[in-house]
Amino acid sequence: MPADWSRTVDVERLADVGEVREFDLPYAELPRLVPELASLEGVARCRIAFSRERGFPVADIDVRARLPLRCQRCLRMAPLEVAQRSRVWLVAEPAAADRLEAGIEPVLAPDGRIALRDLVEEELLLVVPLVPRHENEADCGRLASDEADVRQTPFAGLGELLKRGN
Ligand SMILES: [Zn+2]
């Protein structure tokens, strides 16, 4: 079922049967996330379990990914490890969210339907920083493949200059 996560599902029915869906979601299929990414290769590993809490449908979402974010300082890839778990209320209309207790985030599922992809995308957008950057500025400007040996480079270059100066 390759397109399973893009079709909307009936959250009431899945909550009744305690449905669990596991799937790999390609980054290219996450339209709101794509502008933040330096590469579209790879997948998010997802598990969504439906159940009820106090009668309302809820989804336990588990997303694991190594998001290839684009660093806004050097515009190269700054991967972000994601291991995100959360429980959300699936509410059919915005007014219903007001009646629920705080502590669990409500997600709108219009007419009781939502695409699994949208649930995953919401979770990922929560963890993506507003301005993605390499955590350590020294990592900026490096290609991922350079990481092992780049540390020596500035000093090697300086040595060459000094030699020439003599
Ligand atoms: Zn950077």
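If you're wondering where the values come from, they're calculated on a predicted model, not measured in any experiment.

Asker: Can you walk me through the coordination of the zinc ion in this structure?
Answerer: Think of it this way: four donors in a tetrahedron around the metal ideally sit 109.5 degrees apart, and six in an octahedron ideally sit 90 or 180 degrees apart. The zinc ion binds to the protein through C71 (SG), C74 (SG), H134 (ND1) and C140 (SG), with metal-donor distances spanning 2.0 to 2.4 Å. Classification of the site at the zinc ion rests on its 4 donor atoms, whose angles at the metal span 105 to 117°, yielding the label tetrahedral. All donor residues of the zinc ion come from one chain, and their arrangement in sequence is C-x2-C-x59-H-x5-C. Remark: H134 occurs in the loop between α3 (116-127) and α4 (153-165) and C71 occurs in the loop between β4 (56-70) and β5 (77-91); sequence separation between them is 63 residues. The class of C71 is buried, set by a relative accessible area of 0%. The exposure class of H134 is buried, given its relative accessible area of 10%.

Asker: Please explain the confidence of the model for the protein chain as it appears in this structure.
Answerer: If pLDDT is low for a region, its predicted coordinates should not be looked at in detail. Overall, the prediction assigns the protein chain a mean pLDDT of 85, with 81% of residues at 70 or greater. Averaged pLDDT values over the elements of the protein chain bottom out at 51 in α4 and peak at 97 in helix α1 (residues 11-17). Across residues 146-156, where pLDDT falls below 50, the model places 3 contacts with residues more than four positions away in sequence or in other chains.

Asker: Is there a simple way to think about the nonpolar core in this case?
Answerer: The nonpolar side chains of a soluble globular protein tend to be buried, and buried together. Residues I48, F50, L67, L119 and L124 are the most contacted members of the largest nonpolar core, which totals 31 residues. Where this core is concerned, the elements lending two or more residues are α1, β2 (20-26), β3 (43-53), β4, β5 and α3. Top contributing element to this core by residue count: β4, with 6 residues. Those residues in contact with L119, other than ones at most four positions away along the chain, are I48, F50, A59, I61, V88, L90, V107 and I114. Of all hydrophobic cores here, the second largest spans 6 residues; its members include W89, A96, A97 and I104.

About the thresholds
- Residues numbered from 1 in each chain as written.
- Predicted model: local features only at pLDDT ≥ 70, side-chain atom pairs only at ≥ 80, totals over all residues.
- Heavy atoms only, no water.
- Donors = N, O, S within 2.8 Å, 3.2 Å for Na, K, Ca; no water.
- Tetrahedral: all angles 85-135°; square planar, octahedral: opposite > 155°, others 65-115°.
- Helix = DSSP H or I, 4+ residues; strand = E, 2+ residues; numbered from the N terminus.
- Buried < 20%, exposed > 50% of the residue type's maximum accessible area, 1.4 Å probe, protein only.
- pLDDT = per-residue confidence, 0-100.
- Contact = heavy atoms within 4.5 Å.
- Core = buried A, V, L, I, M, F, W, Y, C linked by side-chain atoms within 4.5 Å.

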